[in-house]
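Here's the letter readout for the chains.
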Amino acid sequence: MPIPASILERIETFGRNLESYLDPDYKEAQLRREFLDPLFEALGWDVGNRAGYAEAYKDVVHEDSLKVPGLAATAPDYSFRIGGTRKFFVEAKKPSVRIKDDPAPAAQLRSYSYSAKLPLGIVTDFHEFAIYETRQRPRESDKASAGRIFYCTFDQYPEKWEEIAAIFSREAVLKGSFDKYAASTRGKRGTSDFDDDFLADLESWRDLLARNFALRNDLTQRELNFAVQRTLDRVIFLRIAEDRGIEPYGQLLALTAGPKIYPRLAEIFERADFRYNSGLFHFAAERGRDESPDRLTLRLALDDAVLKEILGALYWPKSPYRFAVIPADILGHIYEQFLGKVIHLTSDHKARVEEKPEVRKAGGVYYTPTYIVDYIVRQTVGPLLERRTPKQVEKIRVLDPACGSGSFLLGAYEFLLAWHLDYYLKNDPAAWAKKKTPPIYETAPNAHGIGHGTKNFQLTTAERKRILVNNLFGVDIDAQAVEVTKLSLLLKVLEGEARELQGKQLDFHRVLPDLGQNIKCGNSLIGSDFYAQPALPDFDDEARYRINAFDWAVEFKSIMEAGGFDAVIGNPPWGQKETSLDAPTKDYLRTRFVSLAGIFDLFRPFAELAFRLVRSDGMVGQVLPDIVLLKDYAETRLLLLEHSIQCIDWWGMAFPDAVIDAATVVVLKARPTATHAVRVSVHDEKPFTHLVPQSDFRSNRRYVFNLFLTPERRALVSKLEQMPRFGDRFEIHEGVHSGNIRDELFVAEKIDSSCREMYFGRDEIRRHYLSWHGKFLRLNAAPAKKTKQRYANVGKPEWFETEKLLVRRTGDFVMAAFDASQRYASNNFFVAIPKSEEKRDDCLFACALLNSKLMTWYFRAIEPRKGRVFAELKIKHLESFPVPVGPAVRQKLVAAASKMIELHARLVTARAPDLVTQLQREIAATDLYISTLTYQLYALTPHEMAIVERESTSTATCEEKNPAATAFEKSASSTYPPQSEVELHRVAEHGPA
């Protein structure tokens, strides 16, 4: 992008009048109008919103910063966005400020961007232009150069323009250059992460409060957890309100200047009860409010030293956080991690913070990425708003029945806020602003006079409150999570509150809603009928608290009587197994949810519950582990298929540090038509989207949702599935399971007559060939130590002491070898035994088919986990493999498989290099011959052959590499080179050259 002539003119003007511009009396507002706005417009940004976009979607937001002592401002001057998503901040200064040497401007910009989790930011006064990497925690001692990765002066713009534009132009951001550049700077300068830092601070403050509350007060464990969590929530809320100009800045810090800090803090809490009316501050019973007031925390004792440390750490320079710009969803993600731990009281009444058992078993807390939340909200809530008015939309009820810290409800709330504002702006906004109770108001003129004559409107706080109370509902079993959800939503209500107050005298009394009727604590899966089960044990209060029975028909009576919620969204818990529950709970859930007739996993009853709670023609959108699409969850898939599935998306490893891929499913609760098609999307390195008839999912075996089958792949799979199956001709067993007596069962030498030779590891098998490594199975093995169970399962002698096929289990490919010995095999293998009397020929025939590229293609097509964790062949896959009958081709394949065994046996003993090369070439030719015969046997068309050839890859890429591999191993895992159609037919007709 060459530098525009308009910017060259600005540079010339600036240089000609440099002395005037460097005068301290030259205002920042003038600089922005005359120089910075044109600069960024030249980079493609709609600085003045000439396009007339709604506030939520403007390219550039000009922040009305609130000046506060010691902080200069609470918001950056410019926020640059794409589709409403922040990308970077710009901090503007008047030219008299020395950006290169003064650390204050850099500290401001870096703290804004760090708190907002933005990687890069700019400080400029046009005279100077500096770019900063902003993931590093800013500190008071930092110099102006800390984190700076680019610097130039105005006279250098012509030579630096392309470098700047390549990162910060609107086109560069849209094309991903900004993100690539940001990724390239990560880690080079000791970067840290805002999430980790703030979480560490929260945990430190929790520890301080817990220890001191426990020391100074006689509290139960539950009371202690409540007091600590509620105190932290209140302090964080008030501190954010300060940075947003809603509370007096510095009021919490001022408390540290005198004694008896906690009683004075309690007074602020009580004033907040009067001011906000939220459950966060609720200390006295009120008519019409069901939530019990907090009669505990205000009367507690807390040492001044504890509060001095916590409150002092909330302000610069001890704190790097700018609370006004911390995204609400990021705060929720941090709290999700925070809530993964709980405070325990020791026997001597000391507080100790420990990870929750369910979190420890799950391997951590995994929050839902914002882009997935937004996607589900758009697909579920979006259709419900089409062609409706705000009056009609107020009747829509959106539920998350496992809301956690509220990420889905917050996403839905933001979507509803944007929709309402857009509606008002498109339908005579001035008239809406003049109503007796206006839903929008015209913002005061920007402090810098920016806007180019456009009028800006915002939703009033009253309207934001109305939308929240009318539309959003949630339930969670964790009381602390419920409070965090409320906190996040309440903070969202207050966004823009300070701007609305400018120049007005508004009554702040009861500005926030009471969310006690919207966000509730309870066990979504267990109703009070749980206690009607026969022979229940006597539950104490603690046990009843854990069960936390919740009756939907009672708690949301009017909604359920009207037919249910309009949309049910969320990310239900994954991975909680049957063994983690007590017997009464397990029995109750199995009788209440038909989906638990199969494998127990907690996401399954939540998926079923969603359809009980949503009304007819309502929407369900959930994040589920992708194993539900392909594996042993047919009951859940059948449940989904009873309704009209709108879209299924595969997102891969969406959750950081998780080992299970994520999928989202959006369903309309209505019977699908015969022609209904599902929009299927795979978000991979090469993303694609296509339509799949829902009837295809319903008609295949076990209702598998295979998203990776394009129409042409699906047609080929359907053709192959019409053929006889491998399971019809072979019985299949797993190899020997060692259980907990591995050392006694598997031995390196023949100890006694019970020992049998055994193939032990997956490195002993290659395509068509086995190599025994000299290990034994000891049939009369006994555990060295006394155990309740041995767990070992050695199978039956007739499985092994016969001619058989061994098939490797692990990998995203198929590898088989014929075994005429009587050796046993470990459970690294499947053992396939022909059901006919022609065992040897059947084995050789099947071995040739299984090792063909067509069978690996088919396996990857029906179980698309290529190159991913847990790629594994299972008995159900092997049983389903198509094995057609073709006598003429069969005999050719039997002969070819026999030749392969012979060639590999000769290769193992070959020493001369020229002989090794000759044998390798002959193996490759025979391999090609087998593949082409296979195509002929399966009657593949040239187009179908091309599909398989195009998508086939080397099995060697899927196997573990052994540096000491022999020539045999290299040959046995050779590639499948794609062949021309002529060559394929020549080899099939005449055999290998």
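This text follows the structure it describes.
Residues numbered from 1 in each chain as written. Predicted model: local features only at pLDDT ≥ 70, side-chain atom pairs only at ≥ 80, totals over all residues. Heavy atoms only, no water.

**Q** Help me out: how do you make sense of the nonpolar core in this one?
**A** Here is a general trend for soluble globular proteins: nonpolar side chains tend to be buried in one another's company. In terms of nonpolar packing, the biggest core is built from 107 residues, with F198, W205, F213, F237, L252, Y276 and F281 touching the most fellow members. Ranked by the residues each element gives to this core, the list is headed by helix α17 (residues 407–426), at 11 residues. Leaving out residues up to four positions away in the same chain, F237 has contacts with Y276, L280, F281, L487, L490, L491, L494 and L512. In terms of nonpolar packing, the next biggest core, distinct from the first, is built from 56 residues, L893, A896, V916 and L919 among them. (Core = buried A, V, L, I, M, F, W, Y, C linked by side-chain atoms within 4.5 Å. Buried < 20%, exposed > 50% of the residue type's maximum accessible area, 1.4 Å probe, protein only. Helix = DSSP H or I, 4+ residues; strand = E, 2+ residues; numbered from the N terminus. Contact = heavy atoms within 4.5 Å.)

**Q** Help me understand unusual backbone geometry, please; the structure alone is not making it clear to me.
**A** Peptide bonds are trans in most cases, and residues, glycine excluded, mostly fall at negative phi. A cis geometry characterises the amide bond from W316 onward to P317, with omega recorded as 15°. Tracing the chain through its elements places P317 in the loop between α12 (304–312) and α13 (328–338). The residue K260 is not glycine, and still its phi comes out positive at about 50°. Here K260 shows up in the loop between α10 (251–254) and α11 (261–276).

**Q** Explain the sheet that holds strand β21 (residues 746–747) here, please?
**A** The 4 strands lie next to each other as β21-β25-β22-β28, forming an open sheet whose pairing is mixed. A single partner strand is all that each edge strand has here, and the edge strands are β21 and β28 (824–825). Taken together, the 4 bridges between strand β22 (residues 755–759) and strand β25 (residues 775–778) define a ladder with antiparallel strand orientation. Directly across from R756, in β25, lies its bridge partner L777. (Pairing = 2+ DSSP bridges.)

**Q** Whenever I open this one, the packing of aromatic side chains confuses me. Can you help?
**A** Any pair of aromatic rings gets described here by the distance separating the centres and the angle formed by the planes. If you walk through the whole model with that rule in mind, you get 62 aromatic pairs. Centre to centre, the rings of F35 and F126 are 4.9 Å apart; their planes meet at 40°, and the pair counts as tilted. Highlighted residues: F35 in helix α3 (residues 28–42) and F126 in the loop between β4 (120–124) and β5 (128–133), separated in sequence by 91 residues. On the numbers, 5.8 Å between centres and 90° between planes, the contact of Y335 with F338 is edge-to-face. Separated by 3 residues within a single helix, Y335 and F338 lie in helix α13, roughly one turn from each other. The exposure class of F338 is buried, given its relative accessible area of 0%. (Phe/Tyr/Trp six-rings, centres within 6.5 Å; stacked < 30°, edge-to-face > 60°.)

**Q** Could you clarify how one ought to interpret the environment of S528 in this entry?
**A** In this fold, S528 is placed in the loop between β13 (519–521) and α22 (541–547). For the pair formed by S528 and N548, sequence separation is 20 residues and the distance between their alpha carbons is 8.9 Å. Residues within four places of S528 in sequence aside, it is in contact with A549 and D551.

**Q** Explanation requested: the environment of A301 in the structure shown.
**A** Mapping A301 onto the fold places it in the loop between α11 and α12. A relative accessible area of 34% places A301 in the partly exposed class. In sequence terms A301 and Y262 are 39 residues apart; their C-alpha atoms lie 7.4 Å from each other. Residues in contact with A301, not counting those within four places in the same chain, are F213, R216 and N217.

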